[in-house]
Amino acid sequence: MKNIFIATLTTLLLASIATASPLKKDRVAADATWLIHVDVERLLDSTVGRFLLEHAEELDIDLDDLDRMKRDLGLDPRTDLRSVTLYGTGDEPGEDAIILAETNDRVDEAIERLLANDDLPIRRRKLNGKTVYVIGGEGRRHYLSIQRAGADRRLVVFSDNKSGFRNALDVLAGEAPSISMGRSNIPADDPQEGSLVFLSVGDIDAFGDDGPASQIIRMSDGFTADIGEVDGVLTGRASVTAESPEVADNISHVLQGLVALGRLMAAGQPDLAPLNELADSLSIRTKDSRISIRIRIDARELLEKAERLMEAHGGAGHRHGDDDDWDDDDWFDDDDDWDDDDRDRRHHKGYKRSRD
């Protein structure tokens, strides 16, 4: 799943669209423990996005896959992808991810081309009256659904985890709760103005490695991070909610220590001068159990220095069930509909009654 997670993030960083697509919380399941949202149009229309495309080769960003997708499927992520939201219920971002990609109606032709490819194991099936696609065979399957999100808009739902996939479809149909209803394991913060990439993580004890960032996260009850750009100014915002004011003070001291370490590393090294500028533009504040971090810096000036640095160095070089729980017949039978298991049916009926 982590490979898909990384590949998806790489793809969305190289795409552009016609209109901005902010985070829609009613699409995210209430039991999500983490989410990432990328407003692709804003990203690629930003100073940072243009820099990524202009310096793709130096940054080892391979655009060949995008060209191949356009040639083979008639779908070009650089012009057809609108936004990407990823979320999951596992202990670490990327685990059992649900991917929601908003695109246009060209995806309809793309899926037909996939179905016509005899070398690709893909089946079209029905689930509760909705068309779904199963890609792959035993041991490795991917689940995909394409739903209308407007006259010429489509929402693609994709996952490796089938029970999570089913729940995602129920959320979109209004038959399961979403984080917009206030039932959430992640902080309620919203993306800032001009947000490009937004991350929200709940109370995850098993997050990450043993690095400083992971240790800070494990000391907290949740955190959010947001990178944006407004009028050429690159903005960063992060907040950490600690278990108590005392823990908040400890986290604040750790963060300030990391800033001081960055200054020491940059001292006397012209190549690392941007680190000092970042440190100068950074503010860390603590109020009760909440730590707020803010940064504002001119995007063009920062990236010009990054470009000079590259030239100097020769370029940059609650979890759902496992896939084995369902028999093959549940996914590859010839019936018009899949049967829901009794537990899911009782859960959804109970939810509908509570809504009524």
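Residues numbered from 1 in each chain as written. Predicted model: local features only at pLDDT ≥ 70, side-chain atom pairs only at ≥ 80, totals over all residues. Heavy atoms only, no water.

1. A short note on the overall build of the protein chain
1) Next: In terms of regular secondary structure, the protein chain is built from 13 helices and twelve strands.
2) Next: Looking at the 356 residues of the protein chain, the share that counts as buried comes to 46%.
3) Next: Counting every atom, the protein chain has about 18400 Å² of accessible surface; 48% of that belongs to carbon and sulfur. (Helix = DSSP H or I, 4+ residues; strand = E, 2+ residues; numbered from the N terminus. Buried < 20%, exposed > 50% of the residue type's maximum accessible area, 1.4 Å probe, protein only. Areas by Shrake-Rupley, 256 points an atom, 1.4 Å probe, with all protein chains shown as cover.)

2. Focus on the sheet that holds strand S8 (residues 195-201)
1) Next: The strand order across the open sheet built from twelve strands is S4-S5-S6-S7-S3-S2-S1-S8-S9-S10-S12-S11, with neighbouring strands paired in antiparallel fashion. Edge positions in the sheet fall to strand S4 (122-127) and strand S11 (282-287), since each has one partner strand and no second. On average, each strand axis in the sheet is inclined to that of its neighbour by 15°, with strand direction left out of account.
2) Next: Where strand S5 (residues 130-137) meets strand S6 (residues 140-148), six bridges bridge the pair, whose relative direction is antiparallel. (Pairing = 2+ DSSP bridges. Axes fitted to C-alpha atoms, helices over the stretch in contact; angles between N-to-C directions.)

3. Structural notes on the side chain of Arg154
1) Next: Structurally, the position occupied by Arg154 is in strand S7 (residues 153-159).
2) Next: Relative accessible area serves as the criterion here: at 5%, Arg154 is assigned to the buried category.
3) Next: Polar contacts involving the side chain of Arg154 include one to the side chain of Asp108, which spans 3.0 Å. (Polar contact = N/O pair within 3.5 Å; in protein donor to acceptor, adjacent residues only side chain to side chain.)

4. Considering a negative patch on the surface
1) Next: On the surface, Glu57, Glu58, Asp60 and Glu311 cluster together to form a negatively charged patch.
2) Next: With respect to the helices and strands, Asp60 occurs in the loop between helix H3 (47-54) and helix H4 (64-73).
3) Next: Note on Asp60: relative accessible area 55%, which makes it exposed. (Patch = residues over 30% accessible without salt bridge, like charges linked within 9 Å, V, L, I, M, F, W, Y side chains within 5 Å. Salt bridge = Lys/Arg side-chain N within 4 Å of Asp/Glu carboxyl O. Lys, Arg positive; Asp, Glu negative; His and termini not counted. Charge placed at Lys NZ, Arg CZ, Asp CG, Glu CD.)

5. Notes on the confidence of the model for the protein chain
1) Next: Averaged over every residue, the pLDDT of the protein chain is 78; the share at 70 or more is 75%.
2) Next: Confidence drops under a pLDDT of 50 for residues 12-19, and excluding neighbours within four residues, the segment shows 39 contacts in the predicted structure.
3) Next: Within the model, pLDDT remains below 50 along residues 316-337, and this stretch shows 54 contacts once partners closer than five positions in the same chain are excluded. (pLDDT = per-residue confidence, 0-100. Contact = heavy atoms within 4.5 Å.)

6. Quick word on the environment of Lys24
1) Next: Mapped onto the elements, Lys24 comes out in the loop between helix H1 (2-12) and strand S1 (34-39).
2) Next: Under the relative-accessibility criterion, Lys24 is labelled partly exposed at 28%.

7. Structural notes on the nonpolar core
Soluble globular proteins tend to bury their nonpolar side chains together.
1) Next: Judged by nonpolar contacts, the single largest core of 36 residues is most densely connected at Leu144, Ile146, Ile251 and Ile291.
2) Next: Examining the composition of this core, we find that four residues originate from one element, helix H9 (residues 245-266), more than from any other.
3) Next: In this structure, Ile291 is in contact with Ala238, Ser239, Val240, Ala242, Ala248, Ile251, Leu255, Ile284, Arg285 and Thr286, ignoring residues within four places of it in sequence.
4) Next: Membership of the second largest hydrophobic core comes to 22 residues, among which are Ala29, Tyr87, Ile98 and Ile186. (Core = buried A, V, L, I, M, F, W, Y, C linked by side-chain atoms within 4.5 Å.)

8. Here's the deal with the pairing of S7
1) Next: Counting buried residues along S7, seven of its seven residues qualify, which places the element largely inside the surrounding structure.
2) Next: Here S7 shows two buried faces, one formed by Arg153, Leu155, Val157 and Ser159 and the other by Arg154, Val156 and Phe158.
3) Next: Across seven bridges, the pairing between strand S3 (residues 98-104) and S7 is antiparallel. The partner of Glu102 across the bridge, within S7, is Leu155.
4) Next: Relative to S7, S6 runs antiparallel, the two sharing six bridges. Directly across from Gln147, in S7, lies its bridge partner Leu155.
5) Next: If you look at the hairpin formed by S6 and S7, you'll find four residues sitting between the two strands, and Gly150 has a positive phi there, around 150°.

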